[in-house]
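Analysis of the macromolecular model
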Amino acid sequence: MRPDLFQSPDYYLLDELLSDEHKMVRDAARAWVKKEVSPIIEDFAQRAEFPKQIVKGLGEIGGFGPYIPVEYGGAGLDQISYGLIMQEIERGDSGVRSTSSVQSSLVMYPIWKYGNEEQRMKYLPKLATGEFIGCFGLTEPDFGSNPGGMVTNFKDMGDHYLLNGAKMWISNAPFADIAVVWAKNEEGRIHGLIVERGMEGFSTPETHNKWSLRASATGELIFDNVKVPKENLLPNKSGLGAPLGCLDSARYGIAWGAIGAAMDCYDTALRYSKERIQFDKPIGATQLQQKKLAEMITEITKAQLLTWRLGVLRNEGKATTAQISMAKRNNVDMALTIARDARQMLGGMGITGEYSIMRHMMNLESVVTYEGTHDIHLLITGMDVTGFPAFK
């Protein structure tokens with residue numbers, strides 16, 4: 001494993017827009033990633049295994065629900081701090097960031113926003129430390145971009161609910177202690193239910209043979225007549241808008257996270273361009289390589305400005321779903337382009353595990369698809385500016 005020599009690019013002096021707390025939170029996450037993630041992540045990715053030993057550290061750096069109020073075990077941080085933590089974790093690996101943002105935005109967020117006080121106190125403190133790991137059940141085998149078509153359902157049996165159905169492509173599923181599951185009641189209304197590991201009829205088979213997010217555990221959620229206590233229903237919001245509200249928070253985190261992956265690829269390519277000699281000079285002294293590097297830093301800077309402004313809007317309660325979609329789509333596409341260009345700059349070395357670039361590139365192929373595909377986010381922006389939905 002090569003030493004982690006990462007230096008964060010800040011071409012427009014964006015640090016001046018950050019508070020001292022923002023920088024402290026970011027730097028703590030960066031130092032933790034360098035110490036705990038970088039030395040092991042290539043090996044775990046090669047073995048297609050999630051490094052469970054980092055869970056406690058993720059909790060300590062605020063990787064689980066940093067914006068959750070202190071009384072529920074969170075750090076009570078703002079949205080920019082949350083974004084910066086996601087940026088630093090994804091700089092290490094997208095799969096690790098997936099574990100973090102699923103826990104934060106898709107499990108803790110709905111319990112905090114849609115749950116009652118008893119549910120908050122029961123689950124949030126343990127989720128914040130990583131004592132509990134959660135997952136989010138929305139996507140189904142036949143319903144991805146159209147989650148409203150879900151067939152997973154529950155029936156009121158008097159003293160409990162009876163849950164049936166299946167979810168797939170679920171991060172954290174194989175080892176999650178709880179799942180926030182979205183299902184339709186007998187009237188067809190979507191509700192959130194907290195399903196706990198150990199409930200009879202609930203199983204979480206792992207998904208194997210992935211070429212992407214290899215250091216993240218992915219699986220299915222199978223519900224075969226699962227008896228769910230009535231107190232496990234999230235009471236304060238229902239309908240498709242409830243899970244989509246969670247996705248807004250998660251997509252916001254992804255917009256920041258993708259910058260981290262892009263930064264790492266850029267930093268690796270820049271350093272390599274100064275060291276690699278070809279035709280008696282560093283390849284960084286050639287026009288074609290400078291073109292790639294100049295475009296990379298330009299796109300990273302644009303993405304940094306986009307997400308910083310989005311973070312301000314989130315803090316003020318003004319950010320729209322469409323604005324979040326634009327940032328997620330732009331930044332992941334930007335990161336994929338940078339990863340591909342950086343890989344070319346390293347030549348054959350770019351495909352090896354000695355460098356992080358190929359791992360980032362493979363991971364980003366999942367990130368560009370999950371939580372709203374590249375094309376679906378394009379249509380969200382199109383609908384927002386025209387007023388015409390064009391999804392079908």
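Up top you'll find the structure we're talking about.
A quick note: this is a predicted structure, and the numbers were derived from the prediction, not measured.

Considerations on the nonpolar core
By size, the foremost hydrophobic cluster in this structure holds 60 residues, and its most contacted members are Ile111, Leu127 and Trp182. With eight residues, helix H4 (residues 94-114) is the single largest residue contributor to this core. If you look at the next biggest cluster of nonpolar residues, it comprises 34 residues, including Met296, Leu336, Ala342 and Ile357.

Some details on the environment of asparagine 363
Among the structural elements, asparagine 363 can be located in helix H9 (residues 357-367). On a C-alpha basis, the gap between asparagine 363 and valine 25 in space is 25 Å, while along the polypeptide they are 338 residues apart. Aside from chain neighbours lying at most four places away, what touches asparagine 363 is Asp93, Ser94, Gly95, Ser212, Leu213 and Arg214.

Digging into H9
For an α-helix, the turn length of 3.6 residues means that residues three or four places apart are oriented alike. Taken across its 11 residues, H9 has eight buried, putting it largely inside the fold. Of the surrounding elements, those touching the buried residues of H9 are helix H1 (20-46), helix H3 (79-92), H4, helix H6 (241-275) and helix H8 (321-345).

Regarding the pattern of salt bridges
Considering all chains together, one arrives at 20 salt bridges under this definition. Ionic pairing is found between aspartate 43 and arginine 47, a salt bridge with its closest N-O pair at 2.9 Å. According to the relative accessible area criterion, aspartate 43 is partly exposed, its value standing at 42%. In this structure, the salt-bridge partner of glutamate 196 is lysine 122, at a minimum N-O distance of 3.3 Å. Placement of glutamate 196 in strand E5 (residues 190-196) and of lysine 122 in helix H5 (residues 117-129) is noted, with a sequence separation of 74 residues between them. Looking at glutamate 196, the relative accessible area reads 23%, which means it is partly exposed. Each of Asp4, Arg91 and Asp264 takes part in salt bridges that share partners, so that together they form one network.

Quick look at the pairing of strand E2 (residues 153-156)
Remember that side chains alternate between the two faces of the sheet whenever the strand is regular. Taken together, the four bridges between E2 and strand E3 (residues 160-171) define a ladder with antiparallel strand orientation. Along E3, the bridge assignment pairs asparagine 153 with asparagine 164. The antiparallel pairing of E2 with E3 creates a hairpin that spans three residues between the two strands, and glycine 158 there sits at a positive phi of about 100°.

Regarding the packing of H3 against H9
Remark: H3 packs on H9, axes separated minimally by 10 Å, with the N-to-C direction vectors making an angle of 125°. If you check the angle between H3 and H9, you find them oblique. Each of Glu90, Arg91 and Gly92 in H3 lies in contact with H9, whose residues at this interface are Arg359, His360, Leu364 and Val367.

Details of the packing of aromatic side chains
The relation between two aromatic rings is expressed through the spacing of the ring centres and the mutual angle of the planes. Summed over all chains, the structure comprises 12 aromatic pairs. With centroids separated by 6.4 Å and ring planes inclined at 70°, the aromatic side chains of tyrosine 67 and tyrosine 109 adopt a geometry described as edge-to-face. Highlighted residues: tyrosine 67 in the loop between helix H2 (55-60) and H3 and tyrosine 109 in helix H4, separated in sequence by 42 residues. With a centroid separation of 6.3 Å and an interplanar angle of 85°, the aromatic rings of tyrosine 109 and tyrosine 114 are classed as edge-to-face.

What to know about a nonpolar patch on the surface
A cluster of nonpolar side chains, contributed by Tyr11, Tyr12, Leu17 and Leu305, occupies part of the molecular surface with about 450 Å² of accessible area. Residue position: leucine 17 is located in the segment before H1. A relative accessible area of 40% means that leucine 17 is categorised as partly exposed.

Concerning the packing of helix H7 (residues 287-315) against H8
Packed helix pairs are characterised by how far apart their axes lie and by the angle those axes make with each other. It is at 10 Å that the axes of H7 and H8 come closest, and there the two elements cross at 160°. The angle between H7 and H8 places the two elements in the roughly antiparallel class. In this structure, H7 meets H8 at a crossing whose hand is left-handed. Contacts between H7 and H8 involve Gln289, Lys292, Leu293, Met296, Glu299, Ile300, Ala303, Leu306, Thr307, Leu310, Leu313 and Arg314 from the first element and Gln323, Ile324, Ala327, Asn330, Asn331, Met334, Ile338, Asp341, Ala342 and Met345 from the second. Here the residues of the contact of H7 with H8 are counted per class, giving 13 nonpolar, five polar and four charged.

Topic: the layout of surface pockets
Reported here for the largest pocket is a volume of approximately 1,200 Å³. Taken together, 37 residues make up the lining of the largest pocket; nearest its centre are Thr139, Gly144, Ser145, Glu371 and Gly372. Where the lining of the largest pocket is concerned, the elements lending two or more residues are H4, E3, H6, H8 and helix H10 (374-386). Its residues assigned to classes, the lining of the largest pocket comprises 17 nonpolar, 14 polar and six charged. Size it by volume and the second largest pocket reaches roughly 340 Å³. Surrounding the second largest pocket, 22 residues form its lining, Arg2, Pro3, Asp4, Thr268 and Ser356 being those nearest its centre. Of all the elements in the fold, those that place two or more residues in the lining of the second largest pocket are H1, H3 and H6. Of all the elements, H6 adds the most residues to the lining of the second largest pocket, at six residues. Of the residues in the lining of the second largest pocket, the class split is seven nonpolar, five polar and 10 charged.

Here is what the cut-offs are and how they apply
- Residues numbered from 1 in each chain as written.
- Predicted model: local features only at pLDDT ≥ 70, side-chain atom pairs only at ≥ 80, totals over all residues.
- Heavy atoms only, no water.
- Core = buried A, V, L, I, M, F, W, Y, C linked by side-chain atoms within 4.5 Å.
- Buried < 20%, exposed > 50% of the residue type's maximum accessible area, 1.4 Å probe, protein only.
- Helix = DSSP H or I, 4+ residues; strand = E, 2+ residues; numbered from the N terminus.
- Contact = heavy atoms within 4.5 Å.
- Salt bridge = Lys/Arg side-chain N within 4 Å of Asp/Glu carboxyl O.
- Pairing = 2+ DSSP bridges.
- Axes fitted to C-alpha atoms, helices over the stretch in contact; angles between N-to-C directions.
- Parallel < 35°, antiparallel > 145°, perpendicular 65-115°, else oblique.
- Phe/Tyr/Trp six-rings, centres within 6.5 Å; stacked < 30°, edge-to-face > 60°.
- Patch = residues over 30% accessible without salt bridge, like charges linked within 9 Å, V, L, I, M, F, W, Y side chains within 5 Å.
- Areas by Shrake-Rupley, 256 points an atom, 1.4 Å probe, with all protein chains shown as cover.
- Left-handed = near helix turned anticlockwise from the far one by under 90°.
- Nonpolar A, V, L, I, M, F, W, Y, C, P; charged D, E, K, R; others polar.
- 1 Å grid on protein atoms, 1.4 Å probe; cavity = no way out; pocket = protein on both sides within 12 Å on 5 of 7 lines; lining within 4 Å.
- Points joined across faces, edges and corners; volume = space filled by probe spheres on them.

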